[in-house]
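Below are the chains, spelled out letter by letter.
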Amino acid sequence: MKEISFRTDVLPLKDELFRLALRITLNRADAEDIVQETMLKVWNRRDSWAELESIEAFCLTICRNLALDKMKRADSQNASLDDDGEGHSYEHPDRSYASNPEEQAIQRDQVELVRKLIGQLPEKQRTCMQLRDMEGKPYKEIALVMGITEQQVKINIFRARQGIKEKFQQIQQHGL
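These lines cover the structure that appears in this document, whether it is placed above or below. On a predicted model such as this, the values are computed, not experimentally measured, just so you know.

### Concerning the overall build of the chain
Part 1: Secondary structure summary: the chain contains 8 helices and 0 strands in total.
Part 2: Each helix and strand of the chain, placed in order from N terminus to C terminus, yields the pattern α-α-α-α-α-α-α-α.
Part 3: In the chain, buried positions account for 42% of the 176 residues.
Part 4: In the chain, the proportion of contacts linking residues at least 24 apart, taken out of those at least 6 apart, comes to 63%.
Part 5: Accessible area for the chain stands at about 10,600 Å²; split by element, carbon and sulfur atoms hold 48% of it.

Here it is, written out as structure tokens:
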């Protein structure tokens, strides 16, 4: 195992941790608090870093657990997600390929609908999908973070994508 440095190995993960916490809590202030608490917990367990297979998976696991605990306490799973954690608001989608205001409005409505559908997913599916599709994590690392098998990760991602696709198509065909 390599020597782990808080400055070079843990601190650079703060944005990734924030995005994960934001996806779970759907609240920017809560996500910031969770990242700070995660960093403290990781620092306080620095004596056990040498035994870790992946400091990143360790940090993500702590962050996920703290976020889930916060959600259970707050019981607010129906809140909405205002941005992606990088300052990009989903309320203002990319208009670079929309040639007229009607297409822009359609695109904006579709992005809002997908965002809403993602927010309605069960927590496990939403987190697996976020770690894979938005963070680009390999299945093995997601399995470590989530405490499930790689096969369960794949199943959760498949079900999440299928659920979103089916609901999106149903709404597009029949309306809300």
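Moving on, there is more to tell.
### A word on helix 7 (residues 139–146)
Part 1: Turning to helix 7, its buried residues number three or more, namely E141, I142, A143, V145 and M146.
Part 2: A positive phi of about 75° marks G147, the residue just after helix 7.

### Here's the deal with the packing of helix 5 (residues 101–120) against helix 8 (residues 150–174)
Part 1: The N-to-C vectors of helix 5 and helix 8 enclose an angle of 135°; their axes lie 10 Å apart at closest approach. As the angle between them shows, helix 5 and helix 8 are arranged oblique. Between helix 5 and helix 8 lies a crossing of right-handed hand. Contacts between helix 5 and helix 8 pair Q110, L113, V114, L117, I118 and Q120 from the former with I164, K167, F168, I171 and Q172 from the latter.

### Topic: the pattern of salt bridges
Part 1: As enumerated under the stated definition, the model contains 7 salt bridges in all.
Part 2: For K70, the salt bridge identified is with D30, shortest N-O distance 3.6 Å. Here D30 lies in helix 3 (residues 28–44) and K70 lies in helix 4 (residues 55–74), a separation of 40 residues in the sequence.
Part 3: K70 sits in the partly exposed class, given a relative accessible area of 23%.
Part 4: Its salt-bridge partner being E56, residue K137 comes within 2.1 Å of it at the nearest N-O pair. Within this pair, whereas K137 is found in the loop between helix 6 (123–134) and helix 7, its partner E56 is found in helix 4, the two being separated by 81 residues in sequence.

### Quick notes on the side chain of Q125
Part 1: Summarising the element assignment, Q125 is placed in helix 6.
Part 2: Look at Q125 and you get buried, because its relative accessible area is 13%.
Part 3: With sequence-adjacent residues up to four places away left out, Q125 is seen in contact with N156, R159 and A160.

### A word on the environment of E53
Part 1: Following the sequence through the fold, E53 ends up in the loop between helix 3 and helix 4.
Part 2: The spatial distance from the C-alpha of E53 to the C-alpha of L144 is 9.9 Å, given a sequence separation of 91 residues.

### Re the nonpolar core
Part 1: In this structure, V10, L17, V42, W49 and I55 are the most contacted members of the largest nonpolar core, which totals 37 residues.
Part 2: Counting only elements with at least two residues in this core, the list comes to helix 1 (6–10), helix 2 (14–25), helix 3, helix 4, helix 6, helix 7 and helix 8.
Part 3: For this core, the leading source of residues is helix 4, giving 11 residues.
Part 4: Residue contacts for V42: discarding those within four places in its chain leaves V10, W49, I55, F58, C59 and I62.
Part 5: Core analysis: the next-biggest nonpolar cluster, separate from the first, contains 8 residues, L117, I118, A160 and F168 among them.

Rules and cut-offs
- Residues numbered from 1 in each chain as written.
- Predicted model: local features only at pLDDT ≥ 70, side-chain atom pairs only at ≥ 80, totals over all residues.
- Heavy atoms only, no water.
- Helix = DSSP H or I, 4+ residues; strand = E, 2+ residues; numbered from the N terminus.
- Buried < 20%, exposed > 50% of the residue type's maximum accessible area, 1.4 Å probe, protein only.
- Contact = heavy atoms within 4.5 Å.
- Areas by Shrake-Rupley, 256 points an atom, 1.4 Å probe, with all protein chains shown as cover.
- Axes fitted to C-alpha atoms, helices over the stretch in contact; angles between N-to-C directions.
- Parallel < 35°, antiparallel > 145°, perpendicular 65-115°, else oblique.
- Left-handed = near helix turned anticlockwise from the far one by under 90°.
- Salt bridge = Lys/Arg side-chain N within 4 Å of Asp/Glu carboxyl O.
- Core = buried A, V, L, I, M, F, W, Y, C linked by side-chain atoms within 4.5 Å.

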